[in-house]
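Coordinate inspection notes
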Amino acid sequence: MNKQLIRLAVTASFSSFLWSCNQSDPAPKGDYVQGIFVINEGNFSQNNGAISFFTREQTTSEADIFTTVNGAPANGGIQGYAEVGERGVILVDNSASGLDKAVIVNSNTFETVTTIGASEIENPREIVAAGNKVYISCWGSNSDYSYKTGYIAVIELPSNRFVKKININSGPENLVYNNGKLYVGTVSYGGGKMLTVINTSTDEIEKTVTLNAAPSPIGIDANGKLWVNVGTQAIRMNTETYAEEATLAIGTNPSKSASNFVFSSDRKTIFFVLSYSDANFVSHGETYKFGITDAQIDVNTPFIKRIFTGLSVDPSQGLIYAAVTPSYAQAGYAVRYRTDGSLVDSVKVGVAPTGFFFK
Amino acid sequence: MLIHYTFSVFNKRKLLLILSVTTGLFVPENVQAQNDSVRLEPVTVRGFAPERFMSGLKVQKIDSSALSNFHFQNISDLLSLYTPLAFKNYGHGQLNTVSFRGTSANHTAVLWNGLNINSPILGQTDFSTIPVAGFDELSVQYGSAASIVGSDAVGGSILLGSTAPAQSLHLSIGRQQESFNNSQTQLTAQYGKVINPKYTFSGKTSAYDGRIRNEYPYTERRKYAMLPSETFQRGLVQDLFLQSENGRELSAHIWITENNLTLTPKDTAGREQTFTKAYRTMIRYQYKAFTFRTSWVRDIIDYAKGDLSRPDHAVTDKFANRLERDFKLTLKNNSSIQIKAGGEWTYYRAQVAGYISPVNSENRGDLYVLTRLQATTRLLVSVNLRQAFITRYNPPFTPSLGAEYYLIRNPDYNLKFKGSVGKSYRVPTLNERYWKDLGNPDIKPENGWNKEIGFEQNYLPDNQNSFYTSLTAYHNRIKDWTYWNASRNYRVENLQQVLAKGIELQAGWKNNLAAWKSGANISYALNKSTQEKAYDAYSIDVIGKQLVFVPVHTGSFIAFVQHNHTRLTAQFQTTSKRFATFDNSQYLNGFMLANLLAETTFDLSKVKLRFQGQINNISDTFYLNVRNNAMPGRSFAVSLIISYQSPDKIKYFL
């Protein structure tokens, strides 16, 4: 009797499987299938970070899609967002200890699937997708600000399984994934000088490369070379030997700092912000660019005469998305530029935008 | 003792007047005796009461039954129900700052027996650290009274007072047990004795201990987190009064308070502890028309994260001395002028880790003349003048003019018109001046003009009922508003100009019928507090917008009914939405809270037992604090106060 029932069930499910295979591949359903996701850090003590969303045609955004869909905000500063198929992972950094988390959502509807809490994700910084996993740089508790409790958290999707922590000293920050390797940089004030390479099939540290300052990996260029920002230099590196193939100075003024490096959509140009604070703590600076085969970086000719709190390039249209934070107590803007530096428009987003996710 | 004084100085320049009158305090009387045109008599006024010179301003005295209802709570719980003050609350037992008439937390002067007890480094008071058990009297003064009480009184002032006890012996012990394993314990002794025919001694000793563990049975409400926190609060109040038949009064006051707040206490790596201690001491000596006051206040803040053994340590000392003299002048037509002339000198010393030097100190001085002219039985006028002096600094000259006029004055009905215009200022906090890099030694004092008019009416239709109504409209523009500018790495600057304007309506009814008593109070306030000037290219998004965490509408309703010694009280308060960002793009929703209190007292001749039961947030309303975390839902509290009172009254000399 039981066997018959099972046989019936198997037959039924098999035929429904065949029937579903018969259908053309269904388009994903949801309000957030295609468009621009803006990562807004919010004001730290107010825990009011948000993800804003707009489509490429729109000039106004939905300021906080997570709250719209789920009825309550993510409850913290938003540090990053990445997707693996139908899963999206949001990094949430609350001002109080113990309330940080990675929220896993349906990437098309933004409905919460599950949450991985502070014992696994504490002081999250950046996230990158690699295959069916996401890698999250975390500072750990870091209560004495000595940056000794950091790690990379690994989450497998769509099983939502927390795989492991890989310890990284000195405040792990920027992440770049390419071809089975995760490159991990550290914050400039973390005291470290090591670029860590993690093998993503074993999730073990494969190599550490010592540089002359804290490294921040930028990405892989059109020729398959790794670019790393190290102090006041941009370094082009061989991804097998880790040999420095080119070292470009970013100006000669040590009081200026370079940040927000991003590749153009053809991966042949790198844009970045070069800024400094004057005696009154007013930030000044401009945005510059250089080519991946240039012999030097021209910091006399700004590409855009402004600084930004975030910079990204839309891989499908090639437009530059720049984030503007007027203050931590009012909404910021996403400003769009063409690749020649001319302004397209600006879209009001959430508080303190720092990054973009395109799909 | 009579002092002869030339009145013609009123014709001279304002500042000169202040200097003359106040320096006149120290000059022997015979030097002053010249060309007398009018006689100024010294007058003895007991108590601290700066309210006497606040004519034209709205002053609300909180009655003792309200204070008794809130005996185990902190002052913000009481004020949010009885006044339109808006609180910026970080959670139960956590930081709680005030917005008075749409101003910032730095714009409310909190005075303890006339001494400003705002933290000198922060320029504000955390109201979660002020339990109602810490004082005997509470008045709220609305609008700028900087000419009377000095710096910080821009939006208004909170006046806390100690009073000499009435009974020769009164002992009480009280305990409140609340939901979430929270509790409060209090001990009070009041005593007094006529030592000999010429001297009376009295005093009060009181101790309180609060343990707010916040062990909520839920970790979130409507998906919003409950932030784990615990607060331990302890305090000791000591007041001593010695009064003589010939007009001398000596009093000593000590208020020591400790407040230890820990966020996420179970997380040993990430917990955050803020341990504040305040030692407040004061000696006040009054001899006839002279009053001398000396006080020393030490504020300590220890902040630590993770490892609590090595906190950041900040200590500030404030040593303040004040001498005042009261005069009374009776004019021909029976009108009279009361004048208080005074001078104050304060020394500040701060040891704060982030400051430009290990120890920073400064001197501040104030000279002032306060007057109250009872021109006719219907008309009362106050003119008050103040000039403050600060090391390396120039605060503005601060005058004010206020008047009250009875339009109708009958035994059963009166209607009074009030009006006031006054300058206000706020001396920058020590953080604003001395914080390394981010502070600004050249920052200007904020200053503004407050204007208000109002009506007050009282109606007593019979012996049982009384009605009270007050309606006030105000307009308060504050210039050089300081701001820790996030776009300049949080450096402090005079960047904004704010206009706060609004209307306040308060009405009350009381009924007294033999064994039955009942009453109700209703209050509504409309406050538009907007930025008029701001600082950068994106300020267009901010100008004209309501200030953050300042609700446009607030209201409350309190009603009670009492039969003999049993009383039932219902309290409602409502707040409209509060914006969380300067451009008003984010906000916290408005909410309404209701509480129910029942109490009964068993009177066993000299011993009384008071039982009280309380249901807070009876409708389990969901609302948020400024951290975007949920506030607790419905909670319960029961308390018992056992008191012993001897029937003998203490005889004081009038």
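Located above this text is the structure these notes cover.
Residues numbered from 1 in each chain as written. Chains lettered and ligands numbered in written order. Predicted model: local features only at pLDDT ≥ 70, side-chain atom pairs only at ≥ 80, totals over all residues.

Quick word on the overall build of chain B
To keep things clear, this is the line we draw: Only DSSP runs of H or I with at least four residues qualify as helices, and only runs of E with at least two residues qualify as strands; both kinds are numbered from the N terminus onward. With C-beta atoms placed from the backbone, a residue counts as buried when 20 or more other C-beta atoms lie within 10 Å of its own, as exposed when 12 or fewer do, and as partly exposed for counts between those limits. Note on contacts: each residue gets a C-beta atom placed from the backbone, and two residues are in contact if those atoms are within 7 Å.
A count of helices and strands for chain B gives six helices and 35 strands. In terms of principal-axis extent, the alpha carbons of chain B reach across some 80 × 70 × 50 Å. Per-residue burial for chain B yields a buried fraction of 43% across its 654 residues. For chain B, restricting intrachain contacts to residue pairs at least 6 apart in sequence, the fraction spanning at least 24 positions comes to 65%.

Quick notes on the overall build of chain A
Worth spelling out the cut-off: C-alpha atoms define the radius of gyration, and 2.2 Å times the number of residues to the power 0.38 defines the globule rule.
Across its full length, chain A carries two helices and 26 strands. For a compact globule of 359 residues, the expected C-alpha radius of gyration is about 21 Å, and chain A comes in at 22 Å, within 12% of that figure. Taking the principal axes of its C-alpha atoms as reference, chain A extends roughly 85 × 45 × 40 Å. Each of the 359 residues in chain A was classed as buried or not, and the buried ones make up 46%. Of the contacts made within chain A by residues no fewer than 6 positions apart, 41% connect residues no fewer than 24 positions apart.

Topic: the pairing of strand β8 (residues 133–138) of chain A
Two faces make up the sheet, and in a regular strand the side chains alternate between them. All names here are of chain A. What counts, and what does not: Only when DSSP finds a minimum of two bridges between them are two strands counted as paired.
Within β8, five of the six residues are buried, leaving the element largely enclosed by the surrounding structure. With six bridges connecting them, strand β7 (residues 124–130) and β8 associate as antiparallel partners. What sits directly across from Glu126, in β8, is Ser137. Two successive antiparallel strands, β7 and β8, enclose a turn made up of two residues, where Gly131 displays a positive phi of approximately 60 degrees.

Details of the environment of B:Phe290
Summarising the element assignment, B:Phe290 is placed in strand β18 (residues 290–305). Distance from B:Phe290 to B:Arg211, taken between C-alpha atoms, is 43 Å for residues 79 residues apart in sequence.

Here we look at the sheet that holds β7(A)
Residue and element names in this part refer to chain A. We apply this condition: For helices, the fitted line uses only the C-alpha atoms of the stretch in contact; every axis is such a line through C-alpha atoms, and the angle between N-to-C directions lies from 0 to 180 degrees.
Strands sit in the order β7-β8-β9-β10 across an open sheet of four strands; the sheet is antiparallel. The outermost strands of the open sheet, each flanked by one partner alone, are β7 and β10 (161–167). Direction aside, the axes of adjacent strands within the sheet are offset by 20 degrees on average.

Section: the environment of B:Val149
All names here are of chain B. Examined against the element boundaries, Val149 turns out to sit in helix α5 (residues 146–149). For Val149, a count of 25 C-beta atoms within 10 Å puts it in the buried group. Along the chain, Val149 and Glu51 lie 98 residues apart, while their C-alpha atoms are 9.8 Å from each other. Setting aside residues up to four positions removed in sequence, Val149 forms contacts with Pro50, Ala109, Leu111 and Ser157.

Some details on the sheet that holds strand β3 (residues 59–61) of chain B
The pairing of strands in a sheet comes from backbone hydrogen bonds and takes either a parallel or an antiparallel form. Residue and element names in this part refer to chain B. One open sheet holds the five strands; their spatial order is β3-β8-β9-β6-β7, and the pairing between them is mixed. The two strands at the open ends of the sheet, each matched to only one other strand, are β3 and β7 (115–116). Pairing of strand β8 (residues 137–142) with strand β9 (residues 156–161) involves six bridges; the strand directions are antiparallel. Bridging from a neighbouring strand, Val140 pairs with Ile158 of β9.

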